[in-house]
Structure formats: structure tokens, C-alpha cells
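A closer look at the structure
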Amino acid sequence: MGLFNDRKSENGKEFVPVWFMRQAGRYHDHYQGMKKKNTFMELCKQPELACEVTMGPINDFKFDAAILFSDLLFPLEQMGMGLEYAPGPKLEKKLETVADIKGLKFLDTAENFYKFQGEACTLLKETLPNTTTLLGFVGAPFTLYTYAVEGSHAGSLYSSKLGLYDGRWNAFVELLIPELLGEMRAQALGGADAMCLFDTASGELNYEDYTQIVLPVLKRVTAEFKKEFPNKKVIYYSKMTHLRYLQAIEDDNIDVLGVDWRHDLGHVLNTLGNDYYIQGNLEPAYLGLPWETLEKKWMGLYESLQTANAPMNKWVCGLGHGCLQWIDQENVRKSVELIQSKFQY
């Protein structure tokens, strides 16, 4: 796909590429060591530190892709919503009315504000092996909206859902889209090979709201990004969205769909593999199992795809969501070794 370096085995077969969401994070000694000396905001906003955090799992575990260490909420900070981490993200403001949105005051231009991400990407491209893909990432519009309205992604998203109909969604996305594109642009110009859009709140939506209200905005973002960066790949991950939702996306500007562990991966590959690469989807909690059990889970996933006669050349191996802080880092190491040695097509 021009995104991951093609590795061939001695028998001439291709290897399935692998990377994990949150592969740089709290489960990893390298990250924990850096976190003792620096705040989360410093790790994100100082390019040298962001580069070092990102490189930790690449140096230790040899993933096929590195993903920029950052946070998806920075556009809300730039929009004047008062972001801090204590230790989790907290916003000073919630968008309860359209007037709240109209009263937002931006901190800076997008070009200036997201410069730290572009500089981190440039450092990473200079540091990474040339066989390792660099992934940038941002929050997808609806997920950022839910944080802006609720202050977090928690509960029923009652206010967020009402806001789809009371003017808040429309007012918010008109402000957000230039910001989001500015953030993606900074990372792309810095050297990111692909852009991930993470939509962890979309699975809370009714099908009609997702397809008729949220999806058109997502497609505006991907279309505008591809217009400027036609050779950069776009990865869209949505959590808790049923296959019907994924089938409705129909976006030629998305190259890879990430799916969570609730999906039958073989069925998704057979259904959507003609249109996208499919990324996923082991249950992240399984990385906390004893290795003998975890190994069987990985091999079971691989063998299920073979049994389903799924298009293995369209699979990017990974988790159904991000690495959890409680998992065993040695299981991460062994998982990558297993995948890179055994998962072939």
C-alpha cells in the first residue's frame, strides 16, 4: 500500500505489518521513566521529548510504524477552552449553548500553535529507520465535539446528542474544521506518512445521526486533507461502530479502517477489503494474559482469517483499541516478535 515497508520471508511470502494504538504509554518502562521527569504536556509539546517518547516502543519492540506522541484535545486548547492534565484531561469550559461557541477566543494561528507537532515529526523522520512508517494523528470531529460539550468522553453523551439538533454541532464544526486541517497540515509537512483520525465516541451514535450528520463532516475533512496531500494515507478508527456504519462511510479519501474487537475481523476483511485496508483487532485486555494463553489468542486470530479466506494482504495487525496501562510489556515484545515471524501471506 506504500505505507508499510514490505518485508518478505525466506519463502518469499509477505509479512503482515503491525503497530498498536498507545504503543508509547504507561505500560512501558521507557515512558514511565520519562514521566517521572516531565509533565504530560511537556512530553507532548517539547518536540525533542515527543520524539523520544515516540521512539521508545520502536527501539524496544520494533513495531512497523511509529505514531506521534501527542494528544487529540489540543485543538480545544487552541480554541480557548482551557485544557490541562491533572492527570487526565480537564477543560475549563463546556459548550452548553451556541453562544458559548461564538464566544470562543483562539490562542494563536493554527500554523503557529501546532508547530510543536510538525517539529516533532521532523525529528522523528530524521531518527526513525527508513523502514518504519511515521503516523500522525488527530481526533475526529465528533469525538472532539463530545469532549468540548461534555468535558470528557463519558456517560450517555446526552448533551452532545441534543447539540446535533440545537445548533451547537454546526457552529462547532465550522470553527473546528480549519483547526483540524491546520493540525493535520503541520504533521504532514513535518513528515508524517499517514494521518490517523481517532473517533472513539462515534459508536455511541444512532445510525441516522452518524450517517446524515457526522459522516458528512468527516468526509469534508478527509477530502480537504487529500486535496493538499494526495500521497499521504488516511487511517480512520472508530470504536463501537457496527459493520453497517463502516459500510456507510464510502470515502475514497480513507485508505485504512481500524476496527475494534467486537467485530469478526475475517468478515470485515471480506466485506470491506476491496475498498480499504483493515486494521485491528485483538482485545487489548488479552495482553494481560499469561503468554501461553495470549499466544493462542494471537494465533487463533490469524488462523481465523485463513479459515475465512480473508484478503491477508489488506490486513494491518493490531489491537481493537489502545494498549492498557496494566498490561505486561514483555507480552507486547513477544506479540510483535510472533506477528513479525509467523503472520505471513
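For the structure itself, consult the block above.
Parameters and conventions
- Residues numbered from 1 in each chain as written.
- Predicted model: local features only at pLDDT ≥ 70, side-chain atom pairs only at ≥ 80, totals over all residues.
- Heavy atoms only, no water.
- Helix = DSSP H or I, 4+ residues; strand = E, 2+ residues; numbered from the N terminus.
- Buried < 20%, exposed > 50% of the residue type's maximum accessible area, 1.4 Å probe, protein only.
- Polar contact = N/O pair within 3.5 Å; in protein donor to acceptor, adjacent residues only side chain to side chain.
- Contact = heavy atoms within 4.5 Å.
- Pairing = 2+ DSSP bridges.
- Right-handed = clockwise from strand over helix to strand, strands pointing away.

Take Thr 211: it is sitting in helix H11 (residues 207–228). Residue classification places Thr 211 among the buried residues on the basis of a relative accessible area of 18%. There is a polar contact of 2.8 Å between the side chain of Thr 211 and the backbone oxygen of Tyr 207. Polar side-chain contacts of Thr 211 include one of 3.4 Å to the backbone oxygen of Glu 208. Residue contacts for Thr 211: discarding those within four places in its chain leaves Pro 216 and Ala 248.

One face of the sheet, then the other: side chains in a regular strand alternate in exactly this way. Strand E5 (residues 194–199) sits mainly inside the fold: six of its six residues count as buried. Burial along E5 is two-sided: the face carrying Ala 194, Cys 196 and Phe 198 and the face carrying Met 195, Leu 197 and Asp 199 are both buried. Both strand E4 (residues 133–139) and E5 contribute to a ladder of five bridges, which runs parallel. Considered in E5, the bridge of Leu 135 is made with Ala 194. By the bridge criterion, six bridges tie E5 to strand E6 (residues 233–238) in an arrangement that is parallel. Its bridge partner being in E6, Ala 194 is matched across the sheet by Lys 233. With respect to chirality, the unit in which E5 leads through H11 into the neighbouring parallel E6 is right-handed.

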